[in-house]
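# An overview of the molecular structure
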Amino acid sequence: MHLTPIPAFSDNYIWALHDGERALVVDPGESEGVVAWLRRQNLRLETILITHHHPDHTGGVAALREATGAQVTGPARERMPEPLRRVGGGDEVNAMGLRFEVIDVPGHTAGHIAYYAAHAEGAPLLFCGDTLFSGGCGRLFEGTPAQMLDSLSRLATLPDDTRVCCTHEYTLSNLRFARAVEPHNADLAAYQRSCEALRAQNFPTLPSSIGLEKRINPFLRATQAEVVRSAQAHAPGQPTDAVSVFATLREWKNVF
Ligand code: ZN
Ligand code: FE
């Protein structure tokens, strides 16, 4: 089974899995790049998974379904390109011989879901849309800081070697912010250098892993002493519980 990010727009990835014959794609915001990729590899698109309703994740669904007859699965509680199978937390999706568990991750949007396959060739696989990014997290368009923190905390309980397939190449800008929050985190400094080298050659920084994100992503580290101190320095007088620190980080990042 091969995992590959198909670049779209300026910084989206449409994650694709294939076994040499059949293919699955996640959040196809546009269809042209996917159709070209399918044709080049001589693949049949079988499955489309959607994490949330934003157009840069759904814009190519109708055209791809039309062109390939692929089965579409998406979140139960969001506006979606019909027809599709609607799923929510705890549901199972079987595709490409893998069993994906659906995880509710509200915050970026109210009905955002993620897809997790515990038993994939190599290491577990997570398609998390715009919830967890490498070094960052999605903006809170429809959810509260408490909801997003809860969603991220759920993802952080997945095995350390889980491959984290995020939908945007935001890593370098996230890491610049992360360094401001945790200037003394040596893992973070080393990771930033390796990501800068990758981007200099136009390689993706993704997938990341849950183990790595727990060491470098400030949004998963709202209880670490240096993160709490930086949040306090940025917004003096705010409470120091995890939700308040997380909320401060999210607002700070919005204007960083
Ligand atoms: Zn989005
Ligand atoms: Fe997006």
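Check the entry above for the structure.
Owing to the predicted nature of the structure, the values given are computational and were not obtained by experimental measurement. (Residues numbered from 1 in each chain as written. Chains lettered and ligands numbered in written order. Predicted model: local features only at pLDDT ≥ 70, side-chain atom pairs only at ≥ 80, totals over all residues. Heavy atoms only, no water.)

### Remarks on the coordination of the zinc ion (ligand 1)
In this structure, His52 (NE2), His54 (ND1), His108 (NE2) and Asp130 (OD) serve as the protein donors to the zinc ion (ligand 1), at separations of 2.2 to 2.3 Å. Coordination at the zinc ion (ligand 1) is irregular, judged from the 4 donor atoms that bind it and the angles of 86 to 171 degrees they form at the metal. Motif for the zinc ion (ligand 1), donor spacing along one chain: H-x1-H-x53-H-x21-D. The metal-metal distance between the zinc ion (ligand 1) and the iron ion (ligand 2) is 3.2 Å, with Asp130 coordinating both. Taken together, the residues span a long stretch of sequence, with His54 in the loop between strand E4 (44-49) and helix H2 (55-58) and His108 in the loop between strand E8 (98-104) and strand E9 (113-117) at a distance of 54 residues. Overall, the relative accessible area of 4% leaves His108 in the buried class. (Donors = N, O, S within 2.8 Å, 3.2 Å for Na, K, Ca; no water. Tetrahedral: all angles 85-135°; square planar, octahedral: opposite > 155°, others 65-115°. Helix = DSSP H or I, 4+ residues; strand = E, 2+ residues; numbered from the N terminus. Buried < 20%, exposed > 50% of the residue type's maximum accessible area, 1.4 Å probe, protein only.)

### Some thoughts on the pairing of strand E3 (residues 22-26)
E3 sits mainly inside the fold: 4 of its 5 residues count as buried. Of the pairings in the sheet, the one linking strand E2 (residues 12-18) to E3 comprises 3 bridges and is antiparallel in character. When the bridges of E3 are listed, His18 appears paired with Ala23. Here 5 bridges tie E3 to E4, and the two strands are oriented parallel to one another. Bridged to Val26 within E4 is Leu49. (Pairing = 2+ DSSP bridges.)

### Some thoughts on the pairing of strand E13 (residues 163-166)
Across 4 bridges, the pairing between strand E10 (residues 125-129) and E13 is parallel. Across the sheet, residue Leu126 finds its bridge partner in E13, namely Val164. Bridge count for E13 against strand E14 (residues 208-209) is 2 bridges, and the pairing is antiparallel. Counted as the bridge partner of Val164 is Ser208 from E14.

### Quick notes on the packing of helix H5 (residues 171-181) against helix H6 (residues 186-200)
Axis angle and axis distance: for two packed helices, these are the angle between their axes and the distance between the axes, and together they describe the pair. The geometry of H5 relative to H6 is characterised by a closest axis approach of 10 Å and an angle of 155 degrees between their N-to-C directions. Of the possible angle classes, the one that applies to H5 and H6 is roughly antiparallel. Read as a crossing pair, H5 and H6 show a hand that is left-handed. Residues Thr171, Leu172, Leu175, Arg176, Ala178 and Arg179 of H5 touch H6, and the partners they reach there are Leu188, Ala189, Tyr191, Gln192, Cys195, Glu196 and Arg199. For the contact of H5 with H6, the per-class residue count stands at 7 nonpolar, 2 polar and 4 charged. (Axes fitted to C-alpha atoms, helices over the stretch in contact; angles between N-to-C directions. Parallel < 35°, antiparallel > 145°, perpendicular 65-115°, else oblique. Left-handed = near helix turned anticlockwise from the far one by under 90°. Contact = heavy atoms within 4.5 Å. Nonpolar A, V, L, I, M, F, W, Y, C, P; charged D, E, K, R; others polar.)

### Let's talk about the coordination of the iron ion (ligand 2)
Here the iron ion (ligand 2) is held by Asp56 (OD), His57 (NE2), Asp130 (OD) and His168 (NE2), and the distances to it run 2.1 to 2.4 Å. What the 4 donor atoms of the iron ion (ligand 2) show is an angle range of 85 to 169 degrees at the metal, which sorts the shape as irregular. Coordination of the iron ion (ligand 2) draws on donor residues from a single chain, spaced D-H-x72-D-x37-H in sequence.

### Some details on the pattern of salt bridges
Inspection of every chain in the model, using the stated rule, returns 9 salt bridges. Between Glu92 and Arg99 there is a salt bridge, with the nearest N and O atoms lying 3.4 Å from each other. When its relative accessible area of 40% is taken as the criterion, Glu92 is described as partly exposed. A salt bridge links Lys214 to Asp160, with the shortest nitrogen-to-oxygen separation between them at 2.7 Å. (Salt bridge = Lys/Arg side-chain N within 4 Å of Asp/Glu carboxyl O.)

### Structural notes on the packing of aromatic side chains
Aromatic ring pairs are described here by two measures, namely the spacing of the ring centres and the angle between the planes. Throughout the structure, instances matching the rule amount to 7 aromatic pairs. Centroid distance Phe177 to Trp252: 5.2 Å. Interplanar angle 80 degrees. Geometry classified as edge-to-face. With Phe177 in helix H5 and Trp252 in helix H9 (residues 242-254), this pair connects stretches of sequence that are 75 residues apart. Both residues of the pair, Phe177 and Trp252, count as buried. Ring centres of Phe177 and Phe256 lie 5.2 Å apart, and the angle between their planes is 75 degrees; on these two criteria the pair is classed as edge-to-face. In this pair, Phe177 is assigned in helix H5 and Phe256 in the segment after H9, connecting sequence segments 79 residues apart. Note on Phe256: relative accessible area 52%, which makes it exposed. Among the aromatic residues, those joined into a cluster by ring pairs are Phe177, Phe219, Phe246, Trp252 and Phe256. (Phe/Tyr/Trp six-rings, centres within 6.5 Å; stacked < 30°, edge-to-face > 60°.)

By themselves, these observations are geometric and do not establish any function.
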